[in-house]
Every structure is written in C-alpha cells, then in structure tokens.
Amino acid sequence: KQEVTQIPAALSVPEGENLVLNCSFTDSAIYNLQWFRQDPGKGLTSLLLIQSSQREQTSGRLNASLDKSSGRSTLYIAASQPGDSATYLCAVITNTGFQKLVFGTGTRLLVSP
Amino acid sequence: GAVVSQHPSRVICKSGTSVKIECRSLDFQATTMFWYRQFPKQSLMLMATSNEGSKATYEQGVEKDKFLINHASLTLSTLTVTSAHPEDSSFYICSAHRAATEAFFGQGTRLTVV
C-alpha cells in the first residue's frame, strides 16, 4: 500500500529565505507526482505536476524534483514571501491506482514579513 | 489552468435533512471525478470515485447510502449527504483529472449540520 510522508510537518521562516519541502513515498511505481497548496478553508491549487519519466518541473519561484527510484520529491521555493504561507501537499498516482491520488500529510508553511 | 467549480462553498442544514453538493469541470470533460473529505488540520481522505454513466466506487468504510454520488454527464458530479447528522459536518472537496493526469480541485464545501 502506497504511503506518502512529508517533512517537516510545519515550517516557519522569515521573508526572503529559500526553502525546501520534502515528500517521500514507499512504492516507486508511480504514474506521476503532483504538488498542491491549500489555503485555510479553501480547495487545493495545483502547483506542479511531474510525470514519472521527468526529473523536475519549474514554475516561477517553484521548482519540484523527482527521484523515483529513491521514492523522493522536493519542492524548492525561492525567495519566500508572506503570500506563500499555506499548507503544501504532495500526492502520487500509482501505476495501478486508477487515477487515485495518495496524499502526503502536508507541510504548513508560515512566512513572516 | 483548468477549472473545477464546486457549489455551494458553505451550507448549514438541520439534522435529518439532505444536502447536495455539485462539482463541475468547466473546460474539460471528466469521465472520472473524486470526492474527498477533510477534517481540520488533516490531509484529504478519499471517499469515492465517481464514474460517468455508472455506479460510484466507494472507499472502505464510506457508507454508500449516506453519501449518494451521481455522475450524469461528463462535466457534472453530485454528492448528496442524506439524513445529515452533526458528525457529517466537514469540508468536502471534489477533483477531476484532465487528460487522466493532472488533478484539479474544486473550492470545497464547508458543511455544518446543526
């Protein structure tokens, strides 16, 4: 059974810092991995999608990497801003998962001005 | 990006009544949609997979008679919470996958049963 873990569970940084969020999964047979952010009381916003054949994806200040063989992904946020404060979730679709997303436990990020 | 619209965003209902939540994919067709439930400060828990034109597939422990799912078209799935009770109060979110890959989520529905 696929299990997804995110470290750290919570992170508090001053504005301007570069930071790394970690995601690990137990079954490397994944179809893709997706990073989301969730603001309090809101739905999920898709940030980056990495297909299993890809190693990384970039969007603006965000960069996500994928090492499928070791079961790890990282989300790098450059020059963090208070508006980045949210919960970040990673999720994987396994090859036999019928499109089902298996979510990580999330990282709550707080960026202070 | 693709848009999935969920309605209503908030609903308060009396115990014993039923509530319907709609999930629409606005700019792509979705043969499959998913319904999740989220408790405070926890991750999403998959409730069921909604399949266009056929019965939904429920996850273990989810009562199919309590949470009725209908996926009558390629752009609309509905979740009806029947005979709602206070313990059904939660945040419900739907999702759809564009081209069977990237997942997009609705805004969520905060259900409060009083």
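Everything here concerns the structure above.
This report concerns the structure included in the present document. (Residues numbered from 1 in each chain as written. Chains lettered and ligands numbered in written order. Predicted model: local features only at pLDDT ≥ 70, side-chain atom pairs only at ≥ 80, totals over all residues. Heavy atoms only, no water.)

1. Concerning the environment of Val13 of chain A
Residue and element names in this part refer to chain A.
Consideration 1: Tracing the backbone shows Val13 in strand β2 (residues 10-14).
Consideration 2: Exposure remark for Val13: the relative accessible area of 6% places this residue in the buried category.
Consideration 3: Sequence spacing of Val13 and Thr94 is 81 residues, and the spatial spacing of their C-alpha atoms is 33 Å.
Consideration 4: Setting aside anything within four residues of it in sequence, one finds Val13 in contact with Leu19, Ser80, Leu109, Leu110, Val111 and Ser112. (Helix = DSSP H or I, 4+ residues; strand = E, 2+ residues; numbered from the N terminus. Buried < 20%, exposed > 50% of the residue type's maximum accessible area, 1.4 Å probe, protein only. Contact = heavy atoms within 4.5 Å.)

2. Notes on the interface of chain B and chain A
Consideration 1: Taken together, the 21 residues of chain B in the interface contact 21 residues of chain A.
Consideration 2: Between chain B and chain A the total buried area reaches about 1600 Å² when both faces are included, carbon and sulfur atoms providing 57% of it.
Consideration 3: Among the residues chain B hides against chain A, the three largest losses belong to Ser43, Thr101 and Phe105 of chain B. Together they make up 27% of the total.
Consideration 4: Put simply, chain B and chain A have one salt bridge between them.
Consideration 5: In this structure, Glu59 of chain B and Lys100 of chain A form a salt bridge, with 2.8 Å as the shortest nitrogen-oxygen distance.
Consideration 6: Our count for the contact surface shared by chain B and chain A stands at six residue pairs in polar contact (both at pLDDT 80 or more).
Consideration 7: Mapped onto the side of chain B that touches chain A, the elements with two or more residues apiece are β4 (32-38), β5 (44-51), β9 (90-98) and β10 (102-105) of chain B. (Buried area = accessible area lost by both parts, 1.4 Å probe. Salt bridge = Lys/Arg side-chain N within 4 Å of Asp/Glu carboxyl O. Polar contact = N/O pair within 3.5 Å; in protein donor to acceptor, adjacent residues only side chain to side chain.)

3. Quick notes on the side chain of Ser77 of chain B
Residues and elements named next belong to chain B.
Consideration 1: Of note, Ser77 is situated in strand β8 (residues 76-81).
Consideration 2: With a relative accessible area of 0%, Ser77 lands in the buried category.
Consideration 3: Within the structure, the side chain of Ser77 is placed 2.9 Å from the side chain of Ser50, a separation counted as a polar contact.
Consideration 4: Setting aside anything within four residues of it in sequence, one finds Ser77 in contact with Ile21, Glu22, Cys23, Met33, Trp35, Ser50, Ile69, Asn70 and His71.

4. Re the sheet that holds strand β1 (residues 4-7) of chain B
All names here are of chain B.
Consideration 1: Spatially, the four strands line up as an open sheet ordered β1-β3-β8-β7, and their pairing is antiparallel. A strand with exactly one partner marks an edge of an open sheet, and here the two such strands are β1 and β7 (67-73). In this sheet, adjacent strand axes meet at a mean angle of 15° when their direction is disregarded.
Consideration 2: Where β1 lies against strand β3 (residues 19-25), four bridges are found, and the strand directions are antiparallel. Note on β3: the bridge partner recorded for Val4 is Ser25. (Pairing = 2+ DSSP bridges. Axes fitted to C-alpha atoms, helices over the stretch in contact; angles between N-to-C directions.)

5. Some thoughts on the nonpolar core
As a rule of thumb, nonpolar side chains are buried together in soluble globular proteins.
Consideration 1: Core analysis: the largest hydrophobic core is formed by 25 residues, its most contacted members being Val4, Trp35, Phe67, Leu79, Tyr92 and Leu111 of chain B.
Consideration 2: Secondary structure elements with two or more residues in this core: β2 (10-13), β3, β4, β5, β7, β8, β9 and β11 (109-113) of chain B.
Consideration 3: Residue contacts for Leu111 of chain B: discarding those within four places in its chain leaves Val11, Cys13, Val19, Val81, Asp88, Ser89, Ser90 and Tyr92 of chain B.
Consideration 4: Judged by nonpolar contacts, the second largest core, of 23 residues, contains Leu33, Trp35, Tyr88 and Val92 of chain A. (Core = buried A, V, L, I, M, F, W, Y, C linked by side-chain atoms within 4.5 Å.)

6. Focus: the pattern of salt bridges
All names here are of chain A.
Consideration 1: Taken as a whole and assessed by the stated rule, the structure comprises five salt bridges over all chains.
Consideration 2: Its salt-bridge partner being Arg61, residue Asp84 comes within 2.8 Å of it at the nearest N-O pair. You can see Asp84 sitting in the loop between β8 (72-77) and β9 (86-94) and its partner Arg61 sitting in the loop between β6 (56-59) and β7 (62-67), a full 23 residues away along the chain.

7. Focus: the state of the cysteines
Residue and element names in this part refer to chain B.
Consideration 1: Scanning the entire structure with this criterion turns up two disulfides over all chains.
Consideration 2: Disulfide pairing places Cys23 opposite Cys94 at an S-S distance of 2.0 Å. Torsion about the S-S bond of the Cys23 and Cys94 cystine: about 85°, corresponding to right-handed handedness. With Cys23 in strand β3 and Cys94 in strand β9, the pair connects residues that are 71 residues apart, well separated along the chain.
Consideration 3: Of the residues examined, Cys23 reaches a relative accessible area of 0% and is grouped as buried. (Disulfide = S-S within 2.5 Å.)

8. As for unusual backbone geometry
Consideration 1: Look at the link from Ile7 of chain A to Pro8 of chain A: it is a cis peptide, with omega at -5°.
Consideration 2: Along the polypeptide, Pro8 of chain A turns up in the loop between β1 (4-7) and β2.
Consideration 3: At the junction of His7 of chain B and Pro8 of chain B, the peptide bond is cis and its omega measures out at 0° in the coordinates.
Consideration 4: Relative to the helices and strands, Pro8 of chain B is located in the loop between β1 and β2.
Consideration 5: Its identity as a non-glycine residue notwithstanding, Ala79 of chain A has a phi of 45°, on the positive side.

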